[in-house]
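# Structural features, examined
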Amino acid sequence: FPTKPPPFSRQGVSEDDLIDFTPELREKARAVVAGLEFGSLFSPARLLDPDNGYRGTLRVPRSTGGANWEGGAVDPETGILYVTSAMSPRVEGLLPGQEGMDIDYMLMPGQPLSVDGLPAVKPPYGQITAIDLNRGEILWQIANADTPEEIANHPALAGIELPRTGRPSRVGLLATRTLLFAGEGVGGEPILRAYDKATGEVLAEIALPAAQTGLPMSYMLEGAQYVVVAVGDRNNPAELVALTLP
(Lines give C-alpha, C1' and ligand atoms only; values in the text may rest on other atoms or scores of the structure.)
Protein backbone atom coordinates (compact mmCIF):
# COMPACT_ATOMS: atom_id res chain seq x y z
CA PHE A 1 0.00 0.00 0.00
CA PRO A 2 2.12 2.95 -1.21
CA THR A 3 1.67 6.14 0.80
CA LYS A 4 4.01 8.65 -0.85
CA PRO A 5 3.55 10.19 -3.30
CA PRO A 6 -0.26 10.07 -2.95
CA PRO A 7 -2.33 8.42 -5.70
CA PHE A 8 -2.50 10.37 -8.96
CA SER A 9 -5.80 8.68 -9.84
CA ARG A 10 -8.94 8.00 -7.82
CA GLN A 11 -8.64 4.69 -5.99
CA GLY A 12 -11.74 2.89 -4.85
CA VAL A 13 -15.28 4.19 -5.06
CA SER A 14 -18.16 4.95 -2.71
CA GLU A 15 -21.64 6.40 -2.96
CA ASP A 16 -20.10 9.86 -2.46
CA ASP A 17 -18.48 9.48 -5.91
CA LEU A 18 -21.82 9.14 -7.74
CA ILE A 19 -22.93 11.92 -10.06
CA ASP A 20 -24.70 14.73 -8.18
CA PHE A 21 -25.17 17.54 -10.70
CA THR A 22 -28.88 17.40 -9.82
CA PRO A 23 -30.85 15.53 -7.11
CA GLU A 24 -32.69 13.62 -9.86
CA LEU A 25 -29.46 12.38 -11.42
CA ARG A 26 -28.19 11.40 -7.98
CA GLU A 27 -31.22 9.22 -7.31
CA LYS A 28 -30.97 7.60 -10.73
CA ALA A 29 -27.31 6.86 -10.10
CA ARG A 30 -28.20 5.15 -6.82
CA ALA A 31 -30.67 2.97 -8.69
CA VAL A 32 -28.06 2.11 -11.34
CA VAL A 33 -25.58 0.85 -8.73
CA ALA A 34 -28.12 -1.14 -6.73
CA GLY A 35 -26.78 -4.67 -6.20
CA LEU A 36 -23.18 -3.64 -6.87
CA GLU A 37 -20.41 -3.90 -4.33
CA PHE A 38 -18.25 -0.80 -3.88
CA GLY A 39 -14.65 -1.82 -3.65
CA SER A 40 -11.31 -0.41 -2.65
CA LEU A 41 -8.38 -0.64 -5.03
CA PHE A 42 -7.44 -4.09 -3.75
CA SER A 43 -10.93 -5.59 -3.43
CA PRO A 44 -10.87 -9.06 -5.03
CA ALA A 45 -13.46 -9.86 -7.66
CA ARG A 46 -16.21 -12.25 -6.53
CA LEU A 47 -18.18 -14.86 -8.45
CA LEU A 48 -21.15 -13.19 -10.09
CA ASP A 49 -24.46 -14.16 -8.49
CA PRO A 50 -27.20 -11.85 -9.81
CA ASP A 51 -29.98 -14.20 -8.65
CA ASN A 52 -28.89 -13.49 -5.08
CA GLY A 53 -28.35 -9.78 -5.54
CA TYR A 54 -24.65 -9.60 -6.46
CA ARG A 55 -24.13 -7.96 -9.86
CA GLY A 56 -20.39 -7.40 -9.53
CA THR A 57 -17.93 -4.97 -7.95
CA LEU A 58 -17.70 -1.36 -9.07
CA ARG A 59 -14.00 -0.64 -9.45
CA VAL A 60 -12.03 2.57 -9.81
CA PRO A 61 -9.67 2.25 -11.50
CA ARG A 62 -10.66 -0.73 -13.60
CA SER A 63 -8.42 -3.76 -14.05
CA THR A 64 -6.31 -1.92 -16.65
CA GLY A 65 -5.45 0.75 -14.08
CA GLY A 66 -5.56 4.52 -14.02
CA ALA A 67 -2.44 4.77 -16.17
CA ASN A 68 -1.34 2.33 -18.86
CA TRP A 69 1.26 2.09 -21.62
CA GLU A 70 1.00 5.81 -22.34
CA GLY A 71 2.84 6.25 -19.04
CA GLY A 72 4.33 9.63 -18.28
CA ALA A 73 7.20 12.01 -18.92
CA VAL A 74 9.89 12.99 -16.45
CA ASP A 75 11.99 16.15 -16.26
CA PRO A 76 15.45 15.04 -15.08
CA GLU A 77 16.47 18.61 -14.24
CA THR A 78 13.64 19.25 -11.77
CA GLY A 79 12.76 15.70 -10.74
CA ILE A 80 9.11 16.23 -11.69
CA LEU A 81 7.08 13.39 -13.20
CA TYR A 82 4.08 14.14 -15.40
CA VAL A 83 1.61 11.28 -15.67
CA THR A 84 -1.72 10.84 -17.42
CA SER A 85 -4.61 8.80 -16.09
CA ALA A 86 -8.17 7.83 -16.96
CA MET A 87 -11.00 7.52 -14.46
CA SER A 88 -13.17 4.84 -16.05
CA PRO A 89 -15.13 2.87 -13.44
CA ARG A 90 -16.21 -0.61 -14.47
CA VAL A 91 -18.36 -3.36 -13.05
CA GLU A 92 -16.25 -6.49 -12.80
CA GLY A 93 -16.87 -9.99 -11.48
CA LEU A 94 -15.86 -13.59 -12.01
CA LEU A 95 -17.47 -16.14 -14.30
CA PRO A 96 -16.75 -19.89 -14.33
CA GLY A 97 -14.15 -20.93 -16.87
CA GLN A 98 -15.54 -22.32 -20.08
CA GLU A 99 -14.91 -25.67 -21.68
CA GLY A 100 -11.42 -25.92 -23.12
CA MET A 101 -9.96 -23.39 -20.67
CA ASP A 102 -7.31 -24.34 -18.14
CA ILE A 103 -8.57 -21.80 -15.60
CA ASP A 104 -11.36 -22.14 -13.05
CA TYR A 105 -12.60 -18.57 -13.36
CA MET A 106 -12.33 -15.64 -15.74
CA LEU A 107 -12.91 -11.92 -15.23
CA MET A 108 -16.06 -10.62 -16.85
CA PRO A 109 -15.28 -7.78 -19.29
CA GLY A 110 -15.88 -4.50 -17.49
CA GLN A 111 -19.14 -2.69 -18.17
CA PRO A 112 -19.40 1.13 -17.91
CA LEU A 113 -22.18 2.69 -15.87
CA SER A 114 -24.27 5.56 -17.15
CA VAL A 115 -27.27 7.63 -16.08
CA ASP A 116 -29.34 8.92 -18.99
CA GLY A 117 -26.22 8.79 -21.13
CA LEU A 118 -24.03 10.53 -18.53
CA PRO A 119 -21.23 8.82 -16.59
CA ALA A 120 -22.59 7.59 -13.26
CA VAL A 121 -19.49 8.78 -11.38
CA LYS A 122 -18.38 12.38 -10.87
CA PRO A 123 -15.66 13.95 -13.01
CA PRO A 124 -12.83 14.49 -13.68
CA TYR A 125 -12.83 11.64 -16.17
CA GLY A 126 -9.21 12.06 -17.16
CA GLN A 127 -6.31 13.96 -15.63
CA ILE A 128 -2.72 15.06 -16.02
CA THR A 129 -0.77 15.12 -12.77
CA ALA A 130 2.59 16.71 -11.91
CA ILE A 131 4.44 14.88 -9.12
CA ASP A 132 7.52 16.21 -7.36
CA LEU A 133 9.65 13.08 -6.97
CA ASN A 134 12.06 14.89 -4.65
CA ARG A 135 9.39 15.46 -2.00
CA GLY A 136 6.83 12.82 -2.96
CA GLU A 137 4.07 15.38 -3.40
CA ILE A 138 1.55 16.28 -6.11
CA LEU A 139 2.24 19.75 -7.49
CA TRP A 140 -0.89 20.13 -9.59
CA GLN A 141 -3.65 18.19 -11.34
CA ILE A 142 -5.73 19.29 -14.30
CA ALA A 143 -8.43 17.73 -16.46
CA ASN A 144 -6.86 16.26 -19.59
CA ALA A 145 -9.46 17.79 -21.96
CA ASP A 146 -12.40 20.14 -22.17
CA THR A 147 -15.87 18.86 -21.30
CA PRO A 148 -17.16 16.65 -24.15
CA GLU A 149 -20.08 18.16 -26.08
CA GLU A 150 -22.36 15.22 -25.28
CA ILE A 151 -21.99 16.11 -21.60
CA ALA A 152 -21.83 19.90 -21.85
CA ASN A 153 -24.98 19.99 -24.04
CA HIS A 154 -26.90 17.25 -22.24
CA PRO A 155 -30.50 18.41 -21.61
CA ALA A 156 -30.44 17.17 -18.01
CA LEU A 157 -27.60 19.62 -17.32
CA ALA A 158 -29.17 22.70 -18.89
CA GLY A 159 -28.33 25.81 -16.88
CA ILE A 160 -25.68 24.02 -14.78
CA GLU A 161 -22.14 25.37 -14.82
CA LEU A 162 -19.94 22.32 -15.24
CA PRO A 163 -16.29 22.03 -14.33
CA ARG A 164 -13.79 21.09 -17.03
CA THR A 165 -14.35 17.34 -16.91
CA GLY A 166 -11.67 15.89 -19.17
CA ARG A 167 -12.14 12.59 -21.00
CA PRO A 168 -11.66 8.97 -19.89
CA SER A 169 -8.62 8.66 -22.13
CA ARG A 170 -4.89 8.43 -21.55
CA VAL A 171 -2.89 11.04 -23.39
CA GLY A 172 0.71 10.69 -24.50
CA LEU A 173 2.95 13.32 -22.89
CA LEU A 174 6.16 15.06 -23.93
CA ALA A 175 8.16 17.19 -21.49
CA THR A 176 10.61 19.71 -22.94
CA ARG A 177 12.77 22.15 -20.99
CA THR A 178 9.94 24.68 -20.74
CA LEU A 179 6.69 23.01 -21.82
CA LEU A 180 4.52 19.93 -21.45
CA PHE A 181 2.79 18.75 -24.65
CA ALA A 182 -0.32 16.55 -24.62
CA GLY A 183 -3.18 15.72 -26.95
CA GLU A 184 -6.47 14.17 -25.88
CA GLY A 185 -5.67 10.59 -26.81
CA VAL A 186 -7.78 8.01 -28.63
CA GLY A 187 -11.41 9.12 -28.72
CA GLY A 188 -10.53 12.73 -27.92
CA GLU A 189 -10.63 15.89 -29.96
CA PRO A 190 -7.96 16.54 -32.64
CA ILE A 191 -5.93 19.01 -30.65
CA LEU A 192 -2.44 19.25 -29.14
CA ARG A 193 -1.93 21.51 -26.13
CA ALA A 194 1.18 23.10 -24.70
CA TYR A 195 1.05 23.46 -20.90
CA ASP A 196 3.11 25.45 -18.44
CA LYS A 197 5.11 22.75 -16.66
CA ALA A 198 5.05 24.63 -13.37
CA THR A 199 1.30 25.32 -13.15
CA GLY A 200 -0.58 23.23 -15.72
CA GLU A 201 -1.91 26.39 -17.41
CA VAL A 202 -2.80 25.92 -21.08
CA LEU A 203 -0.45 28.13 -23.12
CA ALA A 204 -1.34 27.05 -26.66
CA GLU A 205 -3.83 24.87 -28.53
CA ILE A 206 -2.80 23.44 -31.90
CA ALA A 207 -5.30 21.86 -34.28
CA LEU A 208 -4.46 18.37 -35.58
CA PRO A 209 -5.98 16.53 -38.57
CA ALA A 210 -7.14 13.71 -36.26
CA ALA A 211 -6.94 12.63 -32.63
CA GLN A 212 -3.61 11.83 -31.01
CA THR A 213 -2.81 8.11 -30.95
CA GLY A 214 0.82 7.98 -29.80
CA LEU A 215 3.36 9.73 -27.64
CA PRO A 216 4.79 13.00 -29.00
CA MET A 217 8.54 13.22 -29.60
CA SER A 218 10.92 16.09 -30.30
CA TYR A 219 14.16 16.56 -32.22
CA MET A 220 16.40 19.30 -33.56
CA LEU A 221 17.28 19.75 -37.23
CA GLU A 222 19.44 22.59 -38.58
CA GLY A 223 18.77 24.73 -35.54
CA ALA A 224 15.00 24.25 -35.52
CA GLN A 225 13.04 22.17 -32.99
CA TYR A 226 10.29 19.85 -34.22
CA VAL A 227 7.50 18.15 -32.28
CA VAL A 228 6.04 15.05 -33.93
CA VAL A 229 2.87 13.23 -32.94
CA ALA A 230 1.00 10.24 -34.40
CA VAL A 231 -2.67 10.83 -35.18
CA GLY A 232 -5.55 8.91 -36.71
CA ASP A 233 -9.15 7.80 -36.19
CA ARG A 234 -11.95 5.96 -37.94
CA ASN A 235 -12.39 8.72 -40.48
CA ASN A 236 -8.74 9.65 -41.02
CA PRO A 237 -5.77 7.45 -41.94
CA ALA A 238 -2.90 7.15 -39.50
CA GLU A 239 -0.15 9.68 -40.07
CA LEU A 240 2.69 11.54 -38.39
CA VAL A 241 2.32 15.30 -37.94
CA ALA A 242 5.47 17.41 -37.49
CA LEU A 243 5.16 20.86 -35.94
CA THR A 244 7.70 23.67 -35.76
CA LEU A 245 7.80 27.44 -35.38
CA PRO A 246 7.98 29.45 -38.63
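Before reading further, recall that the structure is shown in the block above.
All residue numbers here refer to positions counted from 1 along the written sequence of the relevant chain. In view of the model being predicted, local features appear only for residues whose pLDDT reaches at least 70, and side-chain atom pairs are presented and counted only at 80 or more, with totals across whole chains, interfaces and linings using the full set of residues. As a rule here, side-chain values cover all heavy atoms of the structure and leave hydrogens and water aside.

### Points about the overall build of the chain
A run of H or I in DSSP counts as a helix once it spans at least four residues, and a run of E counts as a strand once it spans at least two, with each numbered from the N terminus. A tally of regular secondary structure across the chain gives two helices and 18 strands. Along the three orthogonal principal directions, the C-alpha set of the chain runs to about 70 × 50 × 40 Å. Residue pairs at least 24 apart in sequence account for 50% of intrachain contacts in the chain once pairs closer than 6 positions are excluded. Of the side-chain charges in the chain, 19 are positive and 31 negative, and the distance between the mean point of each set is 3 Å. Any two residues whose heavy atoms approach within 4.5 Å at even a single point are treated as in contact. Positive: Lys, Arg. Negative: Asp, Glu. His and the chain ends are not part of the count. Working definition for charges: the position is that of NZ of Lys, CZ of Arg, CG of Asp or CD of Glu.

### Re the side chain of Arg 193
Tracing the chain through its elements places Arg 193 in strand 14 (residues 191–196). Buried residues are those whose accessible area, probed at 1.4 Å on protein chains only, stays under 20% of the maximum for their type, while exposed residues exceed 50% and partly exposed ones sit between those limits. Residue classification places Arg 193 among the buried positions, given a relative accessible area of 1%. A distance of 3.2 Å separates polar atoms of two side chains, one belonging to Arg 193 and the other to Asp 146. For Arg 193, the residues in contact, after removing those within four places along its chain, are Asn 144, Ala 145, Asp 146, Arg 164, Leu 180, Phe 181, Ala 182, Glu 184, Val 202, Ala 204 and Glu 205. A 3.5 Å cut-off defines polar contacts: any pair of N or O atoms within that distance qualifies, except that in protein one atom must be a possible hydrogen donor and the other a possible acceptor, and neighbouring residues in sequence count only when both atoms are side-chain atoms.

### Quick look at the sheet that holds strand 14
Within a beta sheet, neighbouring strands are joined by backbone hydrogen bonds and run either parallel or antiparallel to one another. In space, the four strands of this open sheet follow the order 12-13-14-15, with antiparallel pairing throughout. Two strands bound the open sheet, and with one partner strand each, they are strand 12 (173–175) and strand 15 (202–207). Between one strand axis and the next, the sheet turns by 20° as a mean value, whatever way the strands run. Here, strands pair whenever DSSP counts at least two bridges between them. Pairing of strand 12 with strand 13 (residues 179–182) involves three bridges; the strand directions are antiparallel. Across the sheet, residue Leu 174 finds its bridge partner in strand 13, namely Phe 181. Between the N-to-C directions of two axes lies an angle of 0 to 180 degrees, each axis being a line fitted to C-alpha atoms and, for a helix, fitted only over the stretch in contact.

### Some details on a nonpolar patch on the surface
A contiguous nonpolar surface patch, about 380 Å² in accessible area, is contributed by Phe 1, Leu 41 and Phe 42. Tracing the backbone through its elements, the reader meets Phe 1 in the segment before helix 1 (23–32). Among the residues examined, Phe 1 registers a relative accessible area of 82% and is labelled exposed. Patch membership requires over 30% relative accessible area and the absence of a salt bridge. Like charges are linked within 9 Å, and nonpolar side chains (Val, Leu, Ile, Met, Phe, Trp, Tyr) within 5 Å. Computed by Shrake-Rupley with a 1.4 Å probe, the accessible areas treat only the displayed protein chains as cover when residues are assessed. Salt bridges are identified by distance alone: a Lys or Arg side-chain nitrogen within 4 Å of an Asp or Glu carboxyl oxygen.

### Side note on the layout of surface pockets
If you add up the space inside the largest pocket, you get close to 430 Å³. Along the walls of the largest pocket sit 24 residues, with Ser 88, Arg 90, Pro 119, Tyr 125 and Pro 168 positioned nearest its centre. Here a cavity denotes grid points, spaced 1 Å and computed from the protein atoms alone, that fit a 1.4 Å probe unable to get out, and a pocket denotes an open set having protein on both sides within 12 Å along at least 5 of 7 lines; residues with an atom within 4 Å of a point are the lining. Grid points are joined across faces, edges and corners, and a volume is the space filled by probe spheres set on the points. Of the pockets and cavities examined, the second largest pocket occupies roughly 310 Å³. What lines the second largest pocket is a set of 15 residues, among which Phe 181, Gln 225, Val 227, Thr 244 and Leu 245 lie closest to the centre. At the level of elements, strand 13, strand 14, strand 15 and strand 17 (224–233) are the ones that each hand at least two residues to the lining of the second largest pocket. Element by element, the count of residues in the lining of the second largest pocket is highest for strand 17, at three residues. Note that Gly is not counted as nonpolar here; it falls among the polar residues with everything else outside the nonpolar set of Ala, Val, Leu, Ile, Met, Phe, Trp, Tyr, Cys and Pro and the charged set of Asp, Glu, Lys and Arg. Tallied by class, residues from the lining of the second largest pocket come to 11 nonpolar, four polar and no charged.

### Considering the nonpolar core
Buried residues of nine kinds, namely Ala, Val, Leu, Ile, Met, Phe, Trp, Tyr and Cys, make up a nonpolar core once their side-chain atoms join them within 4.5 Å. Counting 23 residues, the largest nonpolar core has Ile 19, Leu 25 and Leu 113 as the members making the most contacts within it. Setting aside anything within four residues of it in sequence, one finds Ile 19 in contact with Leu 25, Arg 26, Ala 29, Val 115, Leu 118, Pro 119, Ala 120, Val 121 and Lys 122. Counting 12 residues, the second largest nonpolar core, distinct from the first, contains Ala 73, Ile 80, Tyr 82 and Val 171.

### A closer look at the sheet that holds strand 17
A sheet is described by the order of its strands in space; here three strands give the open sequence 16-17-18, paired in antiparallel fashion. Sheet topology places strand 16 (217–221) and strand 18 (236–243) at the edges, where each strand pairs with a single neighbour. On average, each strand axis in the sheet is inclined to that of its neighbour by 25°, with strand direction left out of account.

### So, the pattern of salt bridges
Applying the stated rule across the entire model yields 17 salt bridges. Note that Lys 28 and Asp 116 form a salt bridge whose closest N and O atoms lie 2.7 Å from each other. Here the residue Lys 28 occupies a position in helix 1, and Asp 116 occupies one in the loop between strand 8 (114–115) and strand 9 (118–119), the gap between them amounting to 88 residues. Relative accessible area serves as the criterion here: at 41%, Lys 28 is assigned to the partly exposed category. Close ionic contact of Arg 193 with Glu 205 constitutes a salt bridge, the shortest N to O distance being 2.9 Å.

### Overview of the packing of aromatic side chains
Note on aromatic pairs: the rings of Phe, Tyr and Trp (six-membered ring only in Trp) are paired at centre separations within 6.5 Å, and the planes decide the class, stacked below 30 degrees, edge-to-face beyond 60, tilted for the rest. One pass over the full model with this rule turns up two aromatic pairs. Pairing Tyr 82 with Trp 140 gives two aromatic rings, centres 6.0 Å apart and planes at 45°, and the pair type is tilted. Placement of the pair is Tyr 82 in strand 4 (residues 80–86) and Trp 140 in strand 11 (residues 137–143), with a sequence separation of 58 residues. In this structure, Tyr 82 and Trp 140 share a single accessibility class: buried. Considering the side-chain rings of Tyr 219 and Tyr 226, the 5.3 Å spacing of their centres and the 10° angle between planes classify their relative orientation as stacked.

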